[in-house]
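The primary structure of each chain is shown beneath.
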Amino acid sequence: MNYSVKDKITPNQFLFFILQTQLGVGILSLAHQIHKDAKGGAWISVLIGGLISQVMIVIFWAFLKKNQASNFLQAMEKLVGKMTAKGLVIGYSCFYALVTVLELSEYVRIMTKWVFPETPVWVNILIVATAAVYLAKESLRVISRMYVFVSFLIFPLVIFTIFGFKNVHFTYPMPFLEEGWLAIFKGANLSFFYFLGYEAMLLTYFAVEGSDKGKLKAASLGNLLVTIVYTFTTYVCLISFAPNELPLVPEPMLYVLKSYSLHVVERIDLIFLSIWMVSVTTSVCSFIYLSSIGVAQLCKAKDHRKFVYWIAAVCCIGTTFTLTPHRGEMLDDFIKIISYGFVFGIPILLFIISLFRGRKR
Amino acid sequence: MERIRRRKARMPHSQNSLSFSPEAKDVSPSVKENIDYIKEQLFHSDDILERDIYFDDRQGKLIFLETLTDKHLIIESIIKPLERAKVGAVEHVITSSGLEVGESLDKAISWIISGKCLLFLEGIPEMYVCETGLVVKRDVREPDNEGIVRGSHDGFIENLVTNLHMIRNRIENPNLVVRYFSLGKKSDTKVALVYMKNLAKEELVEEVARRLNLIPTDFILSPGFIGEYIEDDTYSPFPQLLYTERPDRTIAYLMEGRFAILTEGNPTSIIAPVTLFSFYQSPDDYHSRWMFGSLIRTIRFASFLIAFILPGLYISVVTFHPEVLPIELIYSVKSSIERVPYPSLIEAFFMELTLELIREAGIRLPTRVSQTIGIVGGLVIGDSVVQTGLVSLPMIIVVALTAISAFVVPSHELSSTVRLLRFPLMIAAAMFGFIGMTAGLFLIFTHLGKLETFGNPYFSPMMPFKLKGFKDTFIRFPLWHLNKSTKDSTPDQRNSEKAILGEGRK
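As annotated in an unreviewed UniProt entry, chain B is Spore germination protein KA from Croceifilum oryzae. Note on chain B: under the UniProt heading Sequence similarities (unreviewed entry), the record states "Belongs to the GerABKA family."

Per an unreviewed UniProt entry, the recorded name for chain A is Spore germination protein (Amino acid permease), and the organism is Croceifilum oryzae. Under the UniProt heading Sequence similarities (unreviewed entry), the note attached to chain A is "Belongs to the amino acid-polyamine-organocation (APC) superfamily. Spore germination protein (SGP) (TC 2.A.3.9) family."

Here it is in structure tokens:
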């Protein structure tokens with residue numbers, strides 16, 4: 001599938017595409033997870049995680065820029081030959097589908113815990129999936145338009161968090177380096193997974209108008225914004241909860257919001273959850289879209305629409321099997337392992353190949 | 001005679017129809033034969049009138065439909081001059097504003113049913129077609145449904161020429177172009193497409209002309225007929241064409257490079273392409289100072305959100321998340337709700353239905369009776385429904401607020417959309433609370449984001465996001481600011497003085 005004129009997006013839209021894809025389920029439990037390893041230095045870990053993502057974005061950019069083509073498959077065919085390229089696209093499509101399953105199962109877990117304890121899980125899945133599919137079947141341009149629009153919701157997200165400063169102790173996380181740099185890097189290793197989403201660059205890069213520099217700038221800015229939001233929310237959680245409290249609250253973000261009232265509205269966490277749900281929907285939509293675009297490129301189809309339905313259906317059914325805690329953890333670990341391959345290994349390999357190819361010419 | 005023949009040669013149109021029509025019948029030299037033929041074709045309808053004429057030593061007959069022609073005009077421009085002159089060339093004597101010479105009797109039928117008057121003279125195989133149409137029109141008045149405080153108080157009427165006059169009179173510019181179309185297979189309706197040649201995109205005009213020509217309907221009852229045929233997405237709840245009866249509003253849109261479609265026999269002009277935000281603009285905004293104009297506009301947008309979110313929000317708060325409210329409020333709301341045995345969705349549906357009934361009844365009834373409806377609706381239903389325990393008090397407040405908000409929209413079409421859209425949101429809220437509302441809104445905004453009318457994004461400048469476009473949406477910037485802005489519907493030179501004065505397309 002080649003990108004038609006209708007599919008072209010501007011660098012600004014690309015920025016928000018990356019941002020909304022990255023900003024997903026993670027934000028609620030980020031502080032809790034990273035704190036396990038890095039303790040008070042968790043926010044530094046998150047910052048480093050953002051930095052690693054930035055380096056990866058540059059690597060992605062470097063080998064995509066060198067292989068100009070009309071879509072990812074063609075670019076890879078140039079670089080590594082037909083068969084390998086096809087294998088790559090199949091691999092990435094499956095990877096995106098798996099990430100969709102992970103996002104959905106994490107969403108259902110939190111929703112069941114916080115809002116719908118009695119509702120059957122498939123209903124929960126269906127709510128998000130319907131909204132995501134309705135958007136994912138549209139052209140990239142419409143999706144990006146919508147992402148720019150819903151990005152306004154980041155403002156209330158941050159503002160609500162700022163209100164949380166009412167009862168904080170800045171001494172809670174100090175000293176930041178109590179566990180040492182090793183622990184912080186261990187945390188960074190984990191936080192890296194919360195930044196996943198910029199690998200959307202692979203399949204959307206060639207749909208962006210403008211210069212290569214502009215595209216890099218857009219992607220980096222998107223990543224920067226996500227890094228800021230993540231670091232900030234992590235820091236707020238760190239100063240709101242005592243070090244021995246944090247391991248006990250799996251979704252510290254929501255507890256921070258639940259602790260204060262705005263006099264007009266109590267229970268900010270419920271409003272926060274609604275906004276968070278939009279972020280999840282956009283992430284799910286992105287991954288379904290990316291996966292279906294990959295399949296569409298393989299099948300040389302004109303339209304990715306019919307693949308969206310199938311992939312979404314498979315993902316939804318797949319999610320229902322991952323909902324026991326044990327299986328959830330297994331999926332989580334599995335995706336962590338394969339994302340080293342798909343987000344670290346393969347891109348770096350491709351980058352090196354493209355370096356050598358470049359020299360030959 | 002020489003000249004007449006020359007004129008005929010210049011009328012390829014009538015000759016064409018002559019050669020194409022299989023049963024073409026020429027005008028015969030005998031007057032009686034012609035008159036009989038016409039009467040036969042019109043099935044001896046009783047409103048056919050004929051009058052004997054004696055001119056140039058020939059017996060003649062004037063034939064017309066009395067229901068379509070202006071009798072005074074016939075007397076003044078045909079009969080009197082002919083009587084006075086007695087001899088001469090007919091086309092010199094008749095003073096009617098339009099005069100044609102025809103040879104085909106089939107054409108005569110279409111002429112006569114369009115209000116023209118035919119003159120036959122014995123021995124001449126030709127007929128004279130005089131323009132004598134009767135124009136019945138009401139006064140130019142301000143449209144009742146689009147009143148404003150300040151500004152011009154005229155509105156379109158049922159006469160196309162008068163309406164076009166109002167537009168032309170306001171835009172004295174050679175770039176203003178009027179294109180006529182005749183629509184409807186069984187009954188021709190004259191439709192005018194109006195646009196500014198230098199401001200409207202050429203592809204846009206071509207596209208609308210194409211769509212107008214493709215309309216397959218038998219007759220055009222109202223602009224809604226045209227609207228439904230030319231709009232992009234019929235399955236969208238949102239109106240994609242703006243209907244207005246105000247000439248000033250119409251020309252404002254024409255000057256933004258949009259086009260207007262006016263129909264004979266209807267005071268409504270259709271304007272497209274529009275964005276959602278066009279429906280919230282009113283000429284009043286530009287007559288008041290910009291700060292106040294902005295305030296009013298912001299309130300209108302707030303009304304948009306209230307009208308379609310509030311009922312759903314209330315239902316989800318009451319059924320799922322009462323803890324969102326402050327403690328004191330929970331007590332008073334809960335105590336009122338506890339007396340009602342139904343789920344709040346049923347309550348809301350019942351109340352919304354009642355409201356829609358009152359509204360519908362109010363529209364159809366004459367003003368004197370509709371006051372009674374107000375009393376019955378407002379006092380009797382509003383008060384007793386609560387006392388009986390059918391509906392809770394907060395629900396009445398919510399529904400009333402929603403109703404008022406829905407009426408704030410300056411466009412009737414969008415107001416109905418807003419009223420329609422809140423029902424699915426209410427259902428979503430009753431099923432899944434805030435989460436359902438979020439999903440519902442997500443779907444609606446996705447729909448808005450993908451909707452396009454005549455190639456323009458409908459939800460611009462929100463989707464796609466354009467900061468410049470905000471100068472005239474939520475806030476009305478001072479006018480000198482607006483002149484610099486560029487909008488989506490038009491080429492970039494749209495607002496520059498040069499383009500308006502017609503000095504240059506590029």
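Chemist: Describe the pattern of salt bridges, naming the residues involved and giving the relevant values.
Modeler: Going through the model one piece at a time under the given rule, you end up with 35 salt bridges over all chains. Of the charged contacts, one joins Arg267 of chain A and Asp269 of chain A as a salt bridge, the two residues approaching to 2.9 Å between their closest N and O atoms. For Arg267 of chain A, a relative accessible area of 18% gives the class buried. Take Asp269 of chain A: its relative accessible area is 0%, and that puts it in the buried class. A salt bridge links Glu356 of chain B to Arg359 of chain B, with the shortest nitrogen-to-oxygen separation between them at 3.7 Å. One end of the pair is Glu356 of chain B and the other is Arg359 of chain B, both in helix 14 (residues 344-364) and three residues apart, which spans about a single turn.

Chemist: Can you lay out the sheet that holds strand 8 (residues 242-244) of chain B for me, pointing to particular residues and giving the numbers?
Modeler: Residues and elements named next belong to chain B. Spatially, the five strands line up as an open sheet ordered 6-7-9-10-8, and their pairing is antiparallel. Of all the strands in the sheet, just strand 6 (176-183) and strand 8 have a single pairing partner and so form its edges. In this sheet, neighbouring strand axes are inclined to one another by 25° on average, regardless of whether the strands run parallel or antiparallel. Summarising the sheet, strand 7 (residues 189-196) and strand 9 (residues 259-263) pair through four bridges and their orientation is antiparallel. Its bridge partner lying in strand 9, Val194 is registered against Ala260. The strands touched by helix 10 (residues 247-254) are strand 6, strand 7, strand 8, strand 9 and strand 10 (269-272); relative to strand 8, the strand with the most contacts, the crossing angle is about 140°.

Chemist: Describe helix 13 (residues 327-337) of chain B, and please don't skip the residues or the numbers.
Modeler: What sets the pattern is the α-helix's 3.6 residues per turn: residues three or four places apart point alike. All names here are of chain B. For helix 13, every residue scored as buried is listed here: Ile330, Val333, Ser336 and Ile337. Viewed along the axis of helix 13, the buried residues span an arc of 140°, placing them on a single side of the element. The exposed residues of helix 13 that point more than 90 degrees off its buried face are Glu328 and Tyr331. Taken together, the buried residues of helix 13 touch helix 12 (290-319) and helix 16 (393-408).

Chemist: So what about the environment of Cys117 of chain B? Which residues, and what values?
Modeler: Note on placement: Cys117 of chain B falls in strand 4 (residues 116-121). Aside from chain neighbours lying at most four places away, what touches Cys117 of chain B is Leu62, Ile63, Phe64, Ile74, Ile78, Tyr128, Val129, Cys130 and Thr132 of chain B.

Chemist: Tell me about a nonpolar patch on the surface, residues and numbers included.
Modeler: Among the surface-exposed residues, Phe152, Phe155, Ile159 and Phe163 of chain A together with Phe465 and Leu467 of chain B lie close enough to one another that they form a single nonpolar patch of about 580 Å² accessible area. Along the polypeptide, Phe465 of chain B turns up in the loop between strand 12 (456-457) and helix 18 (479-482).

Chemist: Talk me through the pairing of strand 6 of chain B; I want residue IDs and the actual numbers.
Modeler: Residues and elements named next belong to chain B. Sheet analysis places strand 6 next to strand 7, joined by eight bridges and oriented antiparallel. Counterpart to Val177 in the pairing with strand 7 is Tyr195. In sequence, strand 6 turns back onto strand 7 through a hairpin of five residues, with Gly184 there showing a positive phi of about 100°.

Chemist: Give me the lowdown on the environment of Val386 of chain B, citing residues and values where you can.
Modeler: Residue and element names in this part refer to chain B. Counting through the fold element by element, Val386 comes out in helix 15 (residues 367-388). Once the C-alpha coordinates of Val386 and Ser336 are considered, the two residues, 50 residues apart in sequence, prove to be 9.1 Å apart. Once residues lying within four places of it in the same chain are set aside, the contact partners of Val386 are Arg339, Val391, Leu393 and Ile396.

Chemist: Describe in detail the packing of aromatic side chains, supporting the description with residues and values.
Modeler: Within the structure shown, the criterion is met by 35 aromatic pairs over all chains. Measuring from ring centre to ring centre gives 6.1 Å for Trp181 of chain A and Phe185 of chain A, while their planes differ by 35°; the resulting arrangement is tilted. Residue Trp181 of chain A and its partner Phe185 of chain A are located together in helix 9 (residues 180-194), separated by four residues, close to a single helical turn. What makes Trp181 of chain A partly exposed here is its relative accessible area of 45%. With a relative accessible area of 46%, Phe185 of chain A lands in the partly exposed category. Residues Phe277 of chain B and Phe459 of chain B carry aromatic rings whose centres are separated by 5.5 Å and whose planes lie at 15° to one another, so their mutual orientation is stacked. With Phe277 of chain B in the loop between strand 10 and helix 11 (283-287) and Phe459 of chain B in the loop between strand 12 and helix 18, this residue pair connects regions lying 182 residues apart in the sequence. In this structure, Phe277 of chain B and Phe459 of chain B share a single accessibility class: buried. Each residue in the set Phe149 of chain A together with Phe277, Tyr280, Phe301, Phe304, Phe308, Phe445 and Phe459 of chain B is aromatic and connected to the rest through ring pairs, giving one cluster. The ring centre of Tyr180 of chain B lies 4.4 Å from the NZ or CZ of Lys190 of chain B, which sits over that ring.

Scoring rules and cut-offs
- Residues numbered from 1 in each chain as written.
- Chains lettered and ligands numbered in written order.
- Predicted model: local features only at pLDDT ≥ 70, side-chain atom pairs only at ≥ 80, totals over all residues.
- Heavy atoms only, no water.
- UniProt positions renumbered as here; feature names shortened; annotations may be inferred.
- Salt bridge = Lys/Arg side-chain N within 4 Å of Asp/Glu carboxyl O.
- Buried < 20%, exposed > 50% of the residue type's maximum accessible area, 1.4 Å probe, protein only.
- Helix = DSSP H or I, 4+ residues; strand = E, 2+ residues; numbered from the N terminus.
- Pairing = 2+ DSSP bridges.
- Axes fitted to C-alpha atoms, helices over the stretch in contact; angles between N-to-C directions.
- Contact = heavy atoms within 4.5 Å.
- Arc of directions from axis to C-beta.
- Patch = residues over 30% accessible without salt bridge, like charges linked within 9 Å, V, L, I, M, F, W, Y side chains within 5 Å.
- Areas by Shrake-Rupley, 256 points an atom, 1.4 Å probe, with all protein chains shown as cover.
- Phe/Tyr/Trp six-rings, centres within 6.5 Å; stacked < 30°, edge-to-face > 60°.
- Lys NZ or Arg CZ within 6 Å of the ring centre and 35° of its normal.

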